[in-house]
Amino acid sequence: MLAWRVLFMSDSARQRRLDLGDALSSPAEQFLNKHAEDVLASLGDGLILLDTGGRVVFMSPGAEDLTAVSAQHASGRPAIKVFAAHHWLAERITAFLHGEGRRLTDGGELAAPFGRRANVRLSASPVIDRDGNTVGSMLLLHDVVATRSLSETGERGSRVGELAAVAAGLAHEIKNPLGGIKGAAQLLADTLAADPDGLRFTALITREVDRVSGLLEELLELTRPPRLRLAAVNVHRVLQDVLLLEGATATATLTVRCQFDPSLPEVWADESHIRQVFLNLVKNALEAMERVGTLTVSTRMETDFHVRTPGQGRGRQYISVDVEDTGPGIVPEDCERIFTPFFTTKTKGTGLGLAVSHRLVTQHGGLLRVESEPGRWTRFRVSLPVATAEEAS
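All of these numbers come straight from a predicted model, not from anything done at the bench. (Residues numbered from 1 in each chain as written. Predicted model: local features only at pLDDT ≥ 70, side-chain atom pairs only at ≥ 80, totals over all residues. Heavy atoms only, no water.)

## Looking at the pairing of strand 12 (residues 377–385)
Alright, step 1. Most of strand 12 sits out of view: nine of its nine residues are buried.
Alright, step 2. Burial along strand 12 is two-sided: Trp377, Arg379, Arg381, Ser383 and Pro385 and Thr378, Phe380, Val382 and Leu384, pointing in opposite directions, are all buried.
Alright, step 3. In the sheet, strand 10 (residues 318–325) pairs with strand 12 via eight bridges, with the strands oriented antiparallel. Residue Glu324 lies in a different strand from strand 12, and its bridge partner there is Arg379.
Alright, step 4. With seven bridges joining them, strand 11 (residues 367–373) and strand 12 adopt antiparallel strand pairing. Within strand 12, the position partnered with Val370 by the bridge is Phe380. (Buried < 20%, exposed > 50% of the residue type's maximum accessible area, 1.4 Å probe, protein only. Helix = DSSP H or I, 4+ residues; strand = E, 2+ residues; numbered from the N terminus. Pairing = 2+ DSSP bridges.)

Here you go:
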């Protein structure tokens, strides 16, 4: 199609082609001639187009994010030199360009910002025009980590939702008679005013009823649709408040490290809900270490994935918040179930805190993930969407 060949033309030739587009093209071609780059830029994956000399003629925002190379810097330069810092990618591009136009598919790692590694799948193929001539090459980078994380989140959310729906039905049945039990205990206490032992037992009944009611309330929270009041939120201020509330200050046995990037923009979130998430994570970390060890809370711009939304030239970016402790860690099989309601690795606990936190983060369009090395450390990572310029204003 003529529209796609426009991308491989010189700037002057491209403009001449666009000027003649209304007279020479069908409506579909007219649209693509004018918006070909917009269409390609809207792809969720990273797309790189090369001319017949192996020089970069186009990079989508997704490709910029994955390679940490700007389209402006790459334009017109040999792809092998542009991506020289990504040794695997440069090698695969070299192999493809010298492979006589044969298609190539391979998986590997890209060196992402902040010293991280991004797992991607590369698909390379020649671009052939309607006359059978090779006019360039197409490189497609698929973010394996983002796809797997989003898929796992969806599957986990479905399982949790089914379990929570059943449990919520039971919670309603249990909660109703609890009020009667508490009322009876209070009446009994009035008749036992002169009996200290009796009063002690009625007080115990009342406390246990309140505890079970609180547990049921947490369970019901899993099934209630969240009422998010979204606004631009300074995540660093929220984290500082959480650390203060949890008493997470340095002591003779506890080291607290805050590694905040002050240049980060605000997130688009419900402040009270993300505060609850971070309270749960910090509290769990301190309990896991028994306040002996190192608690590290860090923030950075997310490089593992981005989500493209209509009306935005680039995908919505994300900020990641890591809460890491040097406690006993979590074995791999437990990491897979850590966000399931009622599952807990602690001797005391309901097993609902992380399930609720996971649900709240997911409702924000974010991700909550866990990594751990048993015997050494555990890290929970919360990824939240960045507020756009319009949302932050």
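## What to know about the pattern of salt bridges
Alright, step 1. In total, this model carries 13 salt bridges according to the counting rule given.
Alright, step 2. As a salt-bridge pair, Glu271 and Arg275 come within 2.7 Å of each other at their nearest N and O atoms. A residue pair is termed a helical-turn pair when its members lie 3 or 4 positions apart in one helix, as Glu271 and Arg275 do in helix 12 (residues 271–289) at four residues.
Alright, step 3. Its salt-bridge partner being Arg381, residue Asp322 comes within 2.6 Å of it at the nearest N-O pair. On the criterion of sequence distance, the pair formed by Asp322 in strand 10 and Arg381 in strand 12 is long-range, its members being 59 residues apart.
Alright, step 4. A relative accessible area of 6% places Arg381 in the buried class.
Alright, step 5. Connected through salt bridges with shared partners, the residues Arg237, Asp241, Glu271 and Arg275 form a single ionic network. (Salt bridge = Lys/Arg side-chain N within 4 Å of Asp/Glu carboxyl O.)

## Here we look at the sheet that holds strand 7 (residues 254–259)
Alright, step 1. Judged by pairing direction, the sheet is mixed, and its five strands sit side by side in the order 7-9-10-12-11 without closing on themselves. Of all strands in the sheet, those with a lone pairing partner are strand 7 and strand 11, marking the two edges. The average angle at which neighbouring strand axes cross in this sheet is 10°, direction not considered.
Alright, step 2. Sheet contacts for helix 12: strand 7, strand 9 (293–301), strand 10, strand 11 and strand 12; angle to strand 10, the most-contacted strand, approximately 25°. (Axes fitted to C-alpha atoms, helices over the stretch in contact; angles between N-to-C directions. Contact = heavy atoms within 4.5 Å.)

## Remarks on helix 14 (residues 353–363)
Alright, step 1. In terms of residue burial, helix 14 counts as a mostly covered element, since eight of its eleven residues are buried.
Alright, step 2. The complete set of buried residues in helix 14 reads Leu354, Ala355, Val356, Ser357, His358, Arg359, Leu360 and Val361.
Alright, step 3. Backbone geometry just after helix 14 places Gly365 at a positive phi near 80°.

## Some words on the side chain of Thr67
Alright, step 1. Mapped onto the elements, Thr67 comes out in helix 5 (residues 61–67).
Alright, step 2. Look at Thr67 and you get buried, because its relative accessible area is 2%.
Alright, step 3. Thr67 has contacts with Met59, Phe83, His86, Leu89, Leu110 and Leu141, leaving out every residue within four places of it along the chain.

## What to know about the confidence of the model for the protein
Alright, step 1. Per-residue pLDDT for the protein has a mean of 78; in total, 72% of the residues score no lower than 70.
Alright, step 2. Of the regions scoring below 50 in pLDDT, residues 20–24 engages in four contacts with residues more than four places distant in sequence or in other chains.
Alright, step 3. For the stretch residues 147–151, pLDDT sits under 50, and the model shows five contacts to residues farther than four places along the chain or on other chains. (pLDDT = per-residue confidence, 0-100.)

## Considerations on the side chain of Asn280
Alright, step 1. Following the sequence through the fold, Asn280 ends up in helix 12.
Alright, step 2. Separated by 2.8 Å, the side chains of Asn280 and Ser357 make a polar contact.
Alright, step 3. Non-local contacts of Asn280, meaning those with residues more than four positions away in its chain, are made with Gly353 and Ser357. (Polar contact = N/O pair within 3.5 Å; in protein donor to acceptor, adjacent residues only side chain to side chain.)

## A word on the nonpolar core
Nonpolar side chains in soluble globular proteins tend to end up buried together.
Alright, step 1. Phe278, Leu281, Leu295 and Phe380 are the most contacted members of the largest nonpolar core, which totals 40 residues.
Alright, step 2. When contributions to this core are tallied by element, the ones reaching two or more residues are helix 11 (235–245), strand 8 (267–269), helix 12, strand 9, strand 10, helix 14, strand 11 and strand 12.
Alright, step 3. For this core, the element with the most residues is helix 12, which contributes eight residues.
Alright, step 4. Formed by 22 residues, the second largest nonpolar core is a distinct cluster that contains Ala74, Trp88, Leu122 and Leu141. (Core = buried A, V, L, I, M, F, W, Y, C linked by side-chain atoms within 4.5 Å.)

## Describing the environment of Met301
Alright, step 1. Turning to its location among the elements, Met301 is positioned in strand 9.
Alright, step 2. Linking Met301 and Val386, residues 85 residues apart in sequence, is a C-alpha distance of 9.2 Å.

## Considering the packing of aromatic side chains
Alright, step 1. Per the stated rule, a full pass over the model turns up one aromatic pair.
Alright, step 2. Pairing Phe339 with Phe380 gives two aromatic rings, centres 6.2 Å apart and planes at 75°, and the pair type is edge-to-face. Residue Phe339 is located in the loop between helix 13 (332–335) and helix 14, and its partner Phe380 is located in strand 12; the two are separated by 41 residues in the primary sequence.
Alright, step 3. Over the aromatic face of Phe201 sits the side chain of Arg200, whose NZ or CZ is 5.5 Å from the ring centroid.
Alright, step 4. Between Arg379 and the ring centre of Trp377, over which it is positioned, the NZ or CZ distance is 4.6 Å. (Phe/Tyr/Trp six-rings, centres within 6.5 Å; stacked < 30°, edge-to-face > 60°. Lys NZ or Arg CZ within 6 Å of the ring centre and 35° of its normal.)

## Concerning the packing of helix 11 against helix 12
Alright, step 1. Here helix 11 crosses helix 12 at 45°, and the two axes come no closer than 9 Å. As summarised for this structure, helix 11 and helix 12 are arranged oblique, according to the angle between their axes. Seen from above, helix 11 lies across helix 12 with right-handed handedness. Packed against helix 11, whose contacting residues are Val235, Arg237, Val238, Leu239, Asp241, Val242, Leu243 and Leu245, the element helix 12 presents Glu271, Ile274, Arg275, Phe278, Leu279 and Val282 at the interface.
Alright, step 2. Tallied by class, the residues present in the contact of helix 11 with helix 12 amount to ten nonpolar, no polar and four charged. (Parallel < 35°, antiparallel > 145°, perpendicular 65-115°, else oblique. Left-handed = near helix turned anticlockwise from the far one by under 90°. Nonpolar A, V, L, I, M, F, W, Y, C, P; charged D, E, K, R; others polar.)

## Re the environment of Ile181
Alright, step 1. Tracing the sequence through the fold places Ile181 in helix 9 (residues 144–191).
Alright, step 2. Its relative accessible area of 41% is what places Ile181 among the partly exposed residues.
Alright, step 3. The spacing of Ile181 and Ile205 is 24 residues in sequence and 8.3 Å in space, taken between C-alpha atoms.
Alright, step 4. Ignoring any residue separated from it by four or fewer positions in sequence, one finds Ile181 in contact with Ile205 and Val209.

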